[in-house]
Amino acid sequence: MKKLFAEFFGTFWLVFGGCGSAIFAAGYPELGIGFVGVALAFGLTVLTMAYAVGHISGGHFNPAVSLGLWAGGKFNAKDLLGYVAAQLIGAITAAGALYLIVTNKSDFVTIGGFAANGYGDLSPDGYSMTAALIAEFLLTTFFLLIILGSTHANAPKGFAPIAIGLGLTLIHLISIPITNTSVNPARSTSQALFAEGDFTSQLWLFWVAPIAGAIVAGFIHKALFDKE
């Protein structure tokens with residue numbers, strides 16, 4: 001249960017901090033942090049919670065990460081269902097908290113896109129389904145390679161959260177204009193449930209592409225890099 005609570009709180013913080021920065025601060029008049037600030041916020045959420053609770057649960061905070069670690073031989077299949085459930089509950093709870101804050105603003109009119117992920121008409125810059133699929137697959141593949149490599153027994157000790165957090169920052173710098181950046185099915189699901197628009201019909205891509213990329217990365221690491 002400690003591991004599941006760690007995954008709940010870690011995923012909550014990722015969604016609340018990352019998506020919250022996009023919703024509240026990205027375009028704030030004159031003081032907006034822009035998508036560079038949002039990218040950094042997502043990286044900081046993972047970095048901080050990896051140090052806070054990573055030693056308890058491994059600091060996945062993402063169903064794709066759990067599946068990628070399983071494919072790489074670093075995670076037990078019997079724990080997958082519990083981890084994914086805790087991650088989804090944490091993400092949805094965070095999105096609910098964000099929704100309550102947004103809707104209680106004095107001049108609230110509409111929830112808008114709510115930092116949800118999408119392609120086509122729902123892409124921030126109009127990228128197609130094919131572009132979104134390729135981007136999410138490749139970015140999650142490299143994200144898992146970063147995670148698996150930086151947490152390897154032969155890697156420098158204590159620096160993995162920094163590498164992982166900066167890796168997630170870079171991923172967002174690349175792909176916010178394409179899909180609003182997912183690489184995390186729990187994060188995509190939580191925002192789609194509250195956003196205004198047909199985001200739920202596109203959720204399949206933000207489960208399929210990240211999970212496929214993560215599993216491929218797990219097999220690559222196991223075959224090529226996980227040798228003593």
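Whatever comes next refers back to the structure up there.
Draft legend 1. Main features of a nonpolar patch on the surface. Nonpolar side chains collect at one region of the surface, where Phe35, Val36, Leu170, Leu173 and Ile174 lie side by side and expose about 450 Å² of accessible area between them. Looking at the nonpolar patch, the elements with two or more residues in it are α2 (34-57) and α6 (160-179). At 3 residues, α6 tops the list of elements feeding residues into the nonpolar patch. Here Ile174 is to be found in helix α6.

Draft legend 2. Representation of the packing of helix α3 (residues 63-71) against helix α4 (residues 80-103) in the model. The contact between α3 and α4 brings their axes to 9 Å, and the two run at 160 degrees. Taken together, the axes of α3 and α4 are roughly antiparallel relative to one another. Between α3 and α4 lies a crossing of right-handed hand. Packed against α3, whose contacting residues are Pro63, Ser66, Leu67 and Trp70, the element α4 presents Leu80, Tyr83, Val84 and Gln87 at the interface.

Draft legend 3. Quick look at the packing of α4 against helix α7 (residues 185-194). Contact pair α4 / α7: the axes reach a minimum separation of 8 Å and the direction vectors enclose 40 degrees. Every pair of crossing elements has a handedness; the one defined by α4 and α7 is right-handed. Together, Gln87, Leu88, Ala91, Ile92, Ala95, Gly96, Leu98 and Tyr99 of α4 and Ala186, Arg187, Thr189, Ser190, Gln191, Leu193 and Phe194 of α7 make up the contact between the two elements. Its residues assigned to classes, the contact of α4 with α7 shows 9 nonpolar, 5 polar and 1 charged.

Draft legend 4. Structural context of the nonpolar core. In terms of nonpolar packing, the biggest core is built from 48 residues, with Val15, Phe114 and Phe143 touching the most fellow members. When residues of this core are traced back to their parent elements, those giving at least two are α1 (2-25), α2, α3, α4, α5 (129-150), α6, α7 and α8 (203-225). Element by element, the count of residues in this core is highest for α4, at 7 residues. Excluding its chain neighbours within four sequence positions, the residues that come into contact with Val15 are Gly20, Ala91, Ala94, Ala95, Leu98, Arg187, Ser190 and Gln191. Ranked by size, the runner-up nonpolar core spans 5 residues in total, among them Tyr119, Leu205, Phe206 and Ala209.

Draft legend 5. Examining unusual backbone geometry more closely. The backbone of Phe61 sits at a positive phi, close to 60 degrees, despite the residue not being glycine. Tracing the sequence through the fold places Phe61 in the loop between α2 and α3. According to the relative accessible area criterion, Phe61 is buried, its value standing at 1%. In this structure, Asn180 takes a positive phi of about 75 degrees despite not being glycine. Here Asn180 is to be found in the loop between α6 and α7.

Draft legend 6. The arrangement of the environment of Ala41 in detail. Note that Ala41 resides in helix α2. Ala41 sits 18 residues away from Ile23 along the chain, and the two C-alpha atoms are 12 Å apart. Not counting chain neighbours up to four residues away, the residues in contact with Ala41 comprise Gly17 and Ser21.

Draft legend 7. Local environment of the side chain of Gln191. Counting through the fold element by element, Gln191 comes out in helix α7. Polar contacts involving the side chain of Gln191 include one to the main-chain carbonyl oxygen of Phe114, which spans 2.9 Å. Contacts of Gln191, omitting those with residues within four sequence positions, involve Val15, Cys19, Ile23, Ala95, Leu98, Phe114, Ala115 and Ala116.

Reading guide: rules and limits
- Residues numbered from 1 in each chain as written.
- Predicted model: local features only at pLDDT ≥ 70, side-chain atom pairs only at ≥ 80, totals over all residues.
- Heavy atoms only, no water.
- Patch = residues over 30% accessible without salt bridge, like charges linked within 9 Å, V, L, I, M, F, W, Y side chains within 5 Å.
- Areas by Shrake-Rupley, 256 points an atom, 1.4 Å probe, with all protein chains shown as cover.
- Salt bridge = Lys/Arg side-chain N within 4 Å of Asp/Glu carboxyl O.
- Helix = DSSP H or I, 4+ residues; strand = E, 2+ residues; numbered from the N terminus.
- Axes fitted to C-alpha atoms, helices over the stretch in contact; angles between N-to-C directions.
- Parallel < 35°, antiparallel > 145°, perpendicular 65-115°, else oblique.
- Left-handed = near helix turned anticlockwise from the far one by under 90°.
- Contact = heavy atoms within 4.5 Å.
- Nonpolar A, V, L, I, M, F, W, Y, C, P; charged D, E, K, R; others polar.
- Core = buried A, V, L, I, M, F, W, Y, C linked by side-chain atoms within 4.5 Å.
- Buried < 20%, exposed > 50% of the residue type's maximum accessible area, 1.4 Å probe, protein only.
- Polar contact = N/O pair within 3.5 Å; in protein donor to acceptor, adjacent residues only side chain to side chain.

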